[in-house]
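Summary of structural features
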Amino acid sequence: MRDVRPWVRVLGVVALIIALVAVGIGGYVVHTVRASFPQVSGDLRLSGLASEVEVLRNDRGIPTIYASTLDDLFFAQGFVHAQDRFWEMDVRRHITSGRLSEMFGESQVPTDTFLRTLGWRRIAEQEIDLLSERSLRILQAYADGVNAYLDDRRGAELSLEYAVLALQNSDYQPEPWEAADSVAWLKALAWDLRGNMDDEIYRAVMSASMGVEATEELFPEYPYADHRPIVEVGAVVDGVFDQDASTNSGNSPRAASRALDFVGSQQAFASVDSVVSSLEELLGPSGPGIGSNSWAVAGTKTDTGLPLLANDPHLAPSMPSLWYQSSLRCTNIDDECNYDVTGWTMAGLPGVFIGHNAAVAWGFTNLGPDVTDLVLHQLDGDTYLYDGELRPLDIRTEVIEVAGSDPVTIRIRSTPDGPIISGIDEIEEYDQVGRDSPVPAPNAIDVASDDPRSDDLESDGQQTDDARGVARYAVALRWTALQPQPTFDAFDALNTAQSWEDFREAARYLAVPAQNLLYADTSGRIGYQAPGRIPIRRGYDGKWPVPGWSSELGWDGYIPFESLPSVIDPPEGWIVTANQAVIGEEFPYFLTDDWSYGARSQRIVDLIESSTAGGALMTAERMRAIQMDSNNALAEFLVPRLLETPAPSGTEDARALLAEWDYQQTADSAAAAYFNAIWSQMVTRMFDAAADGEIVESSGNDRFWLVIERLWDDPTNVWWIDKTTPAAEDRDGLLAIAQQAAADELRERLGDDPSAWRWGDLHQLTLTNATLGSSGIAPIEMLFNRGPFNSGGSEAAVNATGWTPAQGFEVEWVPSMRQVIDLSNFDASTWVNLTGNSGHAYNGTYADQIDEWLVGDQFPWAFSDDAVREDAVNVLTLIPQEN
């Protein structure tokens, strides 16, 4: 979200008064803070219930909801979510509908303009009409429960944030919740996990400065021989993936695509002042280095004789966490009310996203298929060029209501490819794509433009850029998430699945975001399914922005679900998904080449194999330990080679740390601090500054690790040149400068004694409220934010606490939760949230899991009725209101 400081800065004096009052008399402040704390015990009478509902909460505020009907169960879930997280829900629906300006004023108009252009809310409303009757019942019951909570509560009674908001926007009142508010949140999740769209931007911008050939050198092919994919067996036979068939070869859509011979992927380029960067602050960064870990080990290799399943999704840290822990249970299981499920929910979305029921458990990681294209268009007024003809754009106007200001009318233009996202105020990324993209696109059919009016097209169409001598185009977004699909139907089917066959049927509906689906059940089976609506491209591979003026380039439908990779009970006895390649190059369809490059996944594979070697058995304790592994695979390659080079003056004591290092990046490691400082210097000097001064931020993820390995024996390659200074023009010169600069930086920041340096002192995690937590007013931020905390881990480690060199060492994404599910005894399962279950600042369960999360501890996860009731410390009974 864009900076809220323009409206909140005027509250500085008020905030100071609040702080002084809190220190002085304090009573009013304490009352305001506690006004939104929910009732968690006793009785509540509510209109809309058919029968009594029990809500049992344990000492971490995690509710188990017991209801006798499906409608009452989801009514209660909506009510409970609103009790603990309504501010979060309200902000989310204003994001997805492009209505942030109604809450935060004119500073949010550019963000709203972009979101209205994408049209998430409009698509969600269309998807409502596609859903099953049962899904519609669930959504409506959930909305009724939310609205029952809103009926007699206002302002600070809903959440402390509303009291702060009222100081500037006293007229704001939340509207009733609607089913489309829930469905629209799936669009935000899809945006966060949208695949290689950022990679296309990076390629275009970098190639404009360095050229396509040099840019290609940054994108090595996936190292299949060293980093195994998720599925290593099987082939598509008569349109159906068969794990027992021999691999495909010869002519195929994938083979034809690869014959064009281009490589590649890259983490996001971002302009720090842009609307898109603002969305990343709220929804989290994206890119191939960001993902999740999940693995299952079969009972033949565990000490219990039944599977263990681990999962930790990697997302941007926030306060509160994205996840809300909960259980949904029908008091009597039958065809009508068949929920007995527990796990990780999201406030605003009915059901359980990740978790287990009485028969099956599942985990998600991002599959990351290429489901977006940036499509270049030549415009003439309100028309676009296609197959030699000018065709009319689709145009609509919308009105943005703005708190404290006049409404703003916006004009949204679209082609059949999707909305035009360039030419929007304060969004530079897509204008750069239109300016910098090479035409014809690499690895695509050459579709020449012979429009005689090209010299006269307007500035958001094609024009000559004298500085670069390239054409400028309007940019449209073609994305599967902008095509209505009944994705929400998947969650009811997933929550109630009782077998592998049920699970796969649920996966069929999971169109977007496409996730790697990991499975285990109480009969001992483990499995994997790739789902999603993944396009089949015609004439290009989707890695670069593509011309949109020819029918020779486009989509020819989607990969059939039956053809997508799947495996059940693999002979090795385990399955690992960590955003690596799904399957080998022989697969006949193109999913993407923009995977994470497999450092995390292969480390997990290696640890599983070593843990079960010689007949040893995997334990849940060992699974939890693997989740905290912080090994740096780049350091294994680079450190011995660094130590073979001459030590730059004054770095001897710092380099001595590396000689004794075990490559673990724990928070107290001095060597990890120095190595990551060296790596930061290398990335920013080699890859962050292009030749003409155009700044492109590179992630430094495991793709860059592979780049370094491939470049090592070419010490005069152009990428070894220090782009920030002429002082280094080869590998050894660059490495010397990086070591020296890193040592100087750490001495300035952490002191003169290298043995006292600590990685955690650099690599800090601050949990920030997504709106008011960045207000710029310290007393307000203190109310809602927590931290900073010293953190271990790093990008591409299993304990994936990611950071971007150009932005410093601060943690930018994290394992947002961790779970280890024991299929032999669900009560022996464990879990931990990043923050806590409550969204209310200073509530006892707002931040009560942070300490355990930091050190890798997890809490018992009660599931059996006896264990749940023994664990309960509060019981709330929801009673139907008598008419």
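For the structure, check the block above.
Here's a quick rundown of the structure.

1. Examining the nonpolar core
- Among the nonpolar cores identified, the biggest contains 241 residues, and Tyr674, Met682, Ile708 and Leu878 are the most heavily contacted of them.
- Ranked by the residues each element gives to this core, the list is headed by helix H4 (residues 70-96), at 13 residues.
- Other than its neighbours up to four places away in sequence, Leu878 contacts Leu44, Leu46, Leu49, Ser51, Glu52, Val53, Val55, Ala76 and Phe79.

2. As for the packing of aromatic side chains
- Scanning the entire structure with this criterion turns up 38 aromatic pairs.
- Ring geometry for Phe114 and Trp191: centres 5.7 Å apart, planes at 70°, overall edge-to-face. Taken together, the residues Phe114 in helix H6 (residues 109-118) and Trp191 in helix H10 (residues 179-192) connect sequence positions 77 residues apart.
- On the basis of relative accessibility, which here comes to 0%, the residue Phe114 falls in the buried class.
- Accessibility expressed as a relative area gives 2% for Trp191, which makes it buried.

3. So, the packing of helix H20 (residues 633-644) against helix H21 (residues 652-659)
- Orientation of H20 relative to H21, taken along the N-to-C sense of each, is 140°, at an axis distance of 10 Å. Taken together, the axes of H20 and H21 lie oblique to each other. In the packing of H20 onto H21, the handedness of the crossing is left-handed. For the pair H20 and H21, contact is made by Val639, Leu642 and Leu643 and by Arg655, Leu658 and Ala659, respectively.
- For the contact of H20 with H21, the residue count by class is five nonpolar, no polar and one charged.

4. As for the environment of Pro640
- Tracing the chain through its elements places Pro640 in helix H20.
- Residue class for Pro640 comes out partly exposed when judged on its relative accessible area of 35%.
- Once you skip the residues sitting within four places of it in the chain, Pro640 turns out to touch Ala635 and Tyr663.

5. Details of the sheet that holds strand E14 (residues 383-386)
- The sheet built from three strands is open, its strands ordered E13-E14-E15 with antiparallel pairing. Looking at which strands have only one partner, the edges of the open sheet turn out to be strand E13 (379-380) and strand E15 (389-392).
- Of the strand pairs in this sheet, E14 and E15 are connected by four bridges, and their pairing is antiparallel. Across the sheet, Tyr384 pairs through a bridge with Arg391, a residue of E15.

6. A few points about the pattern of salt bridges
- This structure, assessed with the given rule, holds 44 salt bridges.
- With a shortest N-O distance of 2.7 Å, Arg137 and Asp71 are connected by a salt bridge. Note that Arg137 is positioned in helix H8 (residues 133-150) and Asp71 in helix H4, a separation of 66 residues in sequence.
- Arg137 gets classed as partly exposed once you look at its relative accessible area, which sits at 30%.
- Among the ionic pairs, Arg134 bridges to Asp492, the shortest N-O distance being 2.6 Å. Remark: Asp492 occurs in helix H16 (residues 489-495) and Arg134 occurs in helix H8; sequence separation between them is 358 residues.
- For Asp492, a relative accessible area of 10% puts it in the buried group.
- Each member of the salt-bridge network shares a partner with another, and the members are Asp90, Arg93, Arg121, Glu125, Glu178 and Asp181.

Cut-offs used in this document
- Residues numbered from 1 in each chain as written.
- Predicted model: local features only at pLDDT ≥ 70, side-chain atom pairs only at ≥ 80, totals over all residues.
- Heavy atoms only, no water.
- Core = buried A, V, L, I, M, F, W, Y, C linked by side-chain atoms within 4.5 Å.
- Buried < 20%, exposed > 50% of the residue type's maximum accessible area, 1.4 Å probe, protein only.
- Helix = DSSP H or I, 4+ residues; strand = E, 2+ residues; numbered from the N terminus.
- Contact = heavy atoms within 4.5 Å.
- Phe/Tyr/Trp six-rings, centres within 6.5 Å; stacked < 30°, edge-to-face > 60°.
- Axes fitted to C-alpha atoms, helices over the stretch in contact; angles between N-to-C directions.
- Parallel < 35°, antiparallel > 145°, perpendicular 65-115°, else oblique.
- Left-handed = near helix turned anticlockwise from the far one by under 90°.
- Nonpolar A, V, L, I, M, F, W, Y, C, P; charged D, E, K, R; others polar.
- Pairing = 2+ DSSP bridges.
- Salt bridge = Lys/Arg side-chain N within 4 Å of Asp/Glu carboxyl O.

Read these as layout, nothing more, since geometry by itself doesn't imply function.
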